[in-house]
Amino acid sequence: MSLENTKNNTVESLFKQYYNPLYNFVNSKIRNSEDAKEVVQDVFVKLWNAKGKIDLDSPTIKSYLYTMARNTMIDAIRKKRDQSDVDIDNLDAGSIATDDGDALDPYIIRTEIMKSLSILKPKTRQIFKLNKLQGYTYEEIATHMEISVRTVEDNMSRAYGLLRQELKKNEIFS
Amino acid sequence: METLQLILKYLSGKASQDDRKAMETWMSESNDNKSLFEDIKSIDEQSNSLQNINLIDTDVEWNAFMSKVNSSESAKVIDLPTNGKVKNLSTNVFRRRVALSAAASLILILGAIFLFPNKFKEIHTGDMPFAMTLDDGTKIDLAANSYLKYPLEFATSAREIFINGTAKIDIAKDPSKPFTIKSPLTGVEVLGTTIDLEASDDASTLGVIEGNVSMFPAGKKSEAMLLKTGDIVRYTSAGFEVLTEPEVVPEPEPEPEVVPEPEPEPEVVPEPEPEVVPEPEPEVVPEPEPEVVPEPEPEVVPEPEPEVVPEPEPEVVPEPEPEVEEIPRGKFKMGTFIDYLKKTHPEKDNFKLKGGVKYDKNDTINVSISAPLSTILKQLEEKYIIEYSDDCDGCFEIKSMIRKK
């Protein structure tokens, strides 16, 4: 909707919006929480140093951040590889580099879902979490909570509907 | 709603042939239908992967970021966005970090391969609590602003996790594998039970919802204290303290439980349950009863984890007069904290909120709750601009509170 100059992003607002998606993206590749944090921090140091030079409200800011994250991560992996003899075999910089920007959206959606869970009613939230976070089937949830499978289904679709609204509100979905 | 259920059925692959057909027709009818379907589909796909997501507290990270930026800003002359100096500075900082951590990670990685076949996973909850199940079936409800570290797979003879924060833990029974929960100050060993644990660098509070548990100062199993269903005990550098009170009800989303310390007189335990026999000198709790908890297996001896286990203060000598340092200091939500103040320092005493004083109930503040009121207010003033009212003689009446920038 508001692709025009209505955003007024700051480094801080971008940081809070993209930190978790970027962190989870990097962490999924290098599987080291501390290093992942370091990489994301460095991405924003670069952004900070470039502020004034780039348009923080640009619609491409997301891919810009991800590109920086990717490059910073590859740099970090290379340096680590140079300075220690550790063979980081599952950290193939090539495959990371070819990742396409659109494939990164999952982390934004997931982060947003996690944040949006708080808008659900406690019962709906509990059912959603039992199903999605703990892997219980609808039948198991129904037995556990002493409600009907139908009620579980109702709550799940309610959860999806509300989550979609929330994601739309936050412009994750157009 | 009806539509959503059909979509979900379709996505789960459980829809009948007819339903599938109807769904596909419906989708082709309009772009709105199509986008509703696509949105629900991606929520479904992404929420199935939610278990793999870690939410880091962005406020904490932002503060770390700002101090990093500020230190490099003060190191350079002036803010010129693409000035080479700035760039070098930040990459140098990064390079140095990488270089420093390279040696350490070599050891860590080797260690990980040869000593600990297990990889650890860490969860930091931000504003949101988080519920999960470990691979042995143990269920953990981690409250907001808490930290959990656990192995992706447990070792063959013991189960061990690390928690700094608040959690309700429902431990899967497995007598052959004792379950140990480590925290900065204490260890808790159980065989199968449900407990509430609130652990920080300053104190560990444990509530046993069901079962038998032994709690000991970090690294000192010989000083273990045995707890039964219903017991609540706190450990600080001053030692153990029995707090048993029924109000600590297991809530899936616990607030940091403000355990009120009524008076700086540790012996005046409010309504102790008879069976706990609150010894005035709690740390002197003698040898644990052998029949309840089997002698600690040697393999549960905590591996030193550098970042986590600060050497506990082996304060064995009971101090009757609590020193300022012993006052529990911790992070509390403003709402909880103000409620506590209202309860412990009522108007006739010396604390009062003038009607309509607004503050962010969920804002967290780091305070020593049992410090004198004036000290507490001073701590509050670090975060808030407080305006006092003159109406109230000899007491503090707060007229307004504004969060400092």
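Below you will find a few notes about this structure. Since this is a predicted model, take the numbers as computed values, not measurements.

**Points about the sheet that holds strand β17 (residues 384-388) of chain B**
All names here are of chain B.
Here comes step 1: Within the open sheet, the three strands sit side by side as β15-β18-β17. Their pairing is mixed. Two strands in the sheet have a free side with no partner beyond their single neighbour: β15 (351-353) and β17. Between one strand axis and the next, the sheet turns by 40° as a mean value, whatever way the strands run.
Here comes step 2: Of the strand pairs in this sheet, β15 and strand β18 (residues 396-403) are connected by three bridges, and their pairing is parallel. Following the sheet pairing, Leu353 is matched in β18 by Ile398.
Here comes step 3: Here helix α6 (residues 334-344) sits on the sheet and contacts β15, β17 and β18; the angle it forms with β15, its principal contact strand, is near 130°.

**Focus on the pairing of strand β4 (residues 147-151) of chain B**
Residue and element names in this part refer to chain B.
Here comes step 1: Burial runs high along β4: five of the five residues are buried.
Here comes step 2: Neither face of β4 is exposed, since Tyr147, Lys149 and Pro151 on one face and Leu148 and Tyr150 on the opposite face are all buried.
Here comes step 3: Here β4 pairs with strand β5 (residues 159-170) via three bridges, running antiparallel. Opposite Tyr147, over in β5, you have Asn164 as the bridge partner.

**Structural notes on the packing of helix α1 (residues 2-12) of chain B against helix α2 (residues 17-29) of chain B**
All names here are of chain B.
Here comes step 1: Two elements in contact, α1 and α2, have axes separated by 10 Å at closest approach and are oriented at 120°. Regarding α1 and α2, the two cross each other, and that crossing is left-handed. Seen from α1, the contacting residues are Thr3, Leu6, Ile7 and Tyr10; seen from α2, they are Arg20, Met23, Glu24, Trp26 and Met27.
Here comes step 2: Partitioned by chemical class, the residues of the contact of α1 with α2 number six nonpolar, one polar and two charged.

**Section: the pairing of strand β7 (residues 186-190) of chain B**
Residue and element names in this part refer to chain B.
Here comes step 1: With five of five residues buried, β7 lies mostly within the body of the structure.
Here comes step 2: Neither face of β7 is open: one carries Thr186, Val188 and Val190, the other Gly187 and Glu189, and all of them are buried.
Here comes step 3: Two elements, strand β6 (residues 179-182) and β7, share four bridges in a ladder whose sense is antiparallel. Across the sheet, the residue bridging to Lys182 is Gly187, located in β7.
Here comes step 4: The turn joining β6 and β7, which pair antiparallel and follow one another in sequence, is formed by three residues.
Here comes step 5: Pairing analysis gives five bridges linking β7 to strand β10 (residues 213-217), with the strands arranged antiparallel. Bridge assignment links Val190 to a residue of β10, and that residue is Val213.

**Regarding the nonpolar core**
Here comes step 1: Among the nonpolar cores identified, the biggest contains 67 residues, and Ile113(A), Phe128(A), Leu148(B), Ile161(B), Ile169(B), Ile181(B) and Leu206(B) are the most heavily contacted of them.
Here comes step 2: Looking at this core, the element that brings in the most residues is helix α8 (residues 149-169) of chain A, giving six residues.
Here comes step 3: Here Ile169(B) is in contact with Thr138(B), Lys139(B), Ile140(B), Ile163(B), Ile181(B), Thr193(B), Thr194(B), Ile195(B) and Leu197(B), once residues within four sequence places are set aside.
Here comes step 4: Membership of the second largest hydrophobic core comes to 33 residues, among which are Ile30(A), Ile108(A), Ile56(B) and Phe65(B).

**A few points about the environment of Pro129(B)**
Residues and elements named next belong to chain B.
Here comes step 1: Relative to the helices and strands, Pro129 is located in the loop between β1 (120-124) and β2 (130-133).
Here comes step 2: Under the relative-accessibility criterion, Pro129 is labelled buried at 14%.
Here comes step 3: In this structure the C-alpha to C-alpha distance between Pro129 and Leu142, which are 13 residues apart in sequence, comes to 5.6 Å.

**A few points about helix α5 (residues 105-116) of chain A**
What sets the pattern is the α-helix's 3.6 residues per turn: residues three or four places apart point alike.
Residues and elements named next belong to chain A.
Here comes step 1: The end-to-end C-alpha distance of α5, which contains twelve residues, comes to 16 Å, matching closely the 16 Å that a straight helix rising 1.5 Å per residue would cover.
Here comes step 2: The buried fraction of α5 amounts to ten of the twelve residues, a majority that puts the element mostly inside the structure.
Here comes step 3: The set of residues buried in α5 consists of Pro106, Tyr107, Ile108, Ile109, Arg110, Thr111, Glu112, Ile113, Met114 and Ser116.

**Points about the pattern of salt bridges**
If the charged atoms of two oppositely charged side chains come close together, the side chains can form a pair.
Here comes step 1: By the definition in use, this model includes 13 salt bridges over all chains.
Here comes step 2: Two residues, Lys169(A) and Glu166(A), come together in a salt bridge whose shortest N-O distance is 3.3 Å. Taken together, the residues Lys169(A) and Glu166(A), both in helix α8 and three residues apart, mark about one turn of the helix.
Here comes step 3: Judged by its relative accessible area of 59%, Lys169(A) falls in the exposed class.
Here comes step 4: Using a relative accessible area of 14% as the deciding quantity, one classes Glu166(A) as buried.
Here comes step 5: Notably, a salt bridge pairs Glu241(B) with Arg234(B), separated by 3.7 Å at the nearest N-O pair.
Here comes step 6: For Arg234(B), a relative accessible area of 4% translates into the label buried.
Here comes step 7: Put simply, Glu12(A), Lys16(A) and Asp59(B) are held in one network by salt bridges that share partners.

**A few points about the packing of aromatic side chains**
Here comes step 1: The full count for this structure, using the stated rule, is 14 aromatic pairs over all chains.
Here comes step 2: Between Tyr147(B) and Phe162(B) the ring centres are 6.0 Å apart and the planes differ by 65°, which places this aromatic pair in the edge-to-face class. In this pair, Tyr147(B) is assigned in strand β4 and Phe162(B) in strand β5, connecting sequence segments 15 residues apart. Each of the two residues, Tyr147(B) as well as Phe162(B), counts as buried.
Here comes step 3: The ring of Tyr138(A) carries the charged tip of Lys14(B) above its face, separated from the ring centre by 5.9 Å.
Here comes step 4: We note Arg403(B) situated over the ring of Tyr384(B); from NZ or CZ to the ring centre the distance is 5.9 Å.

What counts as what
Residues numbered from 1 in each chain as written. Chains lettered and ligands numbered in written order. Predicted model: local features only at pLDDT ≥ 70, side-chain atom pairs only at ≥ 80, totals over all residues. Heavy atoms only, no water. Pairing = 2+ DSSP bridges. Helix = DSSP H or I, 4+ residues; strand = E, 2+ residues; numbered from the N terminus. Axes fitted to C-alpha atoms, helices over the stretch in contact; angles between N-to-C directions. Contact = heavy atoms within 4.5 Å. Buried < 20%, exposed > 50% of the residue type's maximum accessible area, 1.4 Å probe, protein only. Left-handed = near helix turned anticlockwise from the far one by under 90°. Nonpolar A, V, L, I, M, F, W, Y, C, P; charged D, E, K, R; others polar. Core = buried A, V, L, I, M, F, W, Y, C linked by side-chain atoms within 4.5 Å. Expected span 1.5 Å × (residues − 1). Salt bridge = Lys/Arg side-chain N within 4 Å of Asp/Glu carboxyl O. Phe/Tyr/Trp six-rings, centres within 6.5 Å; stacked < 30°, edge-to-face > 60°. Lys NZ or Arg CZ within 6 Å of the ring centre and 35° of its normal.

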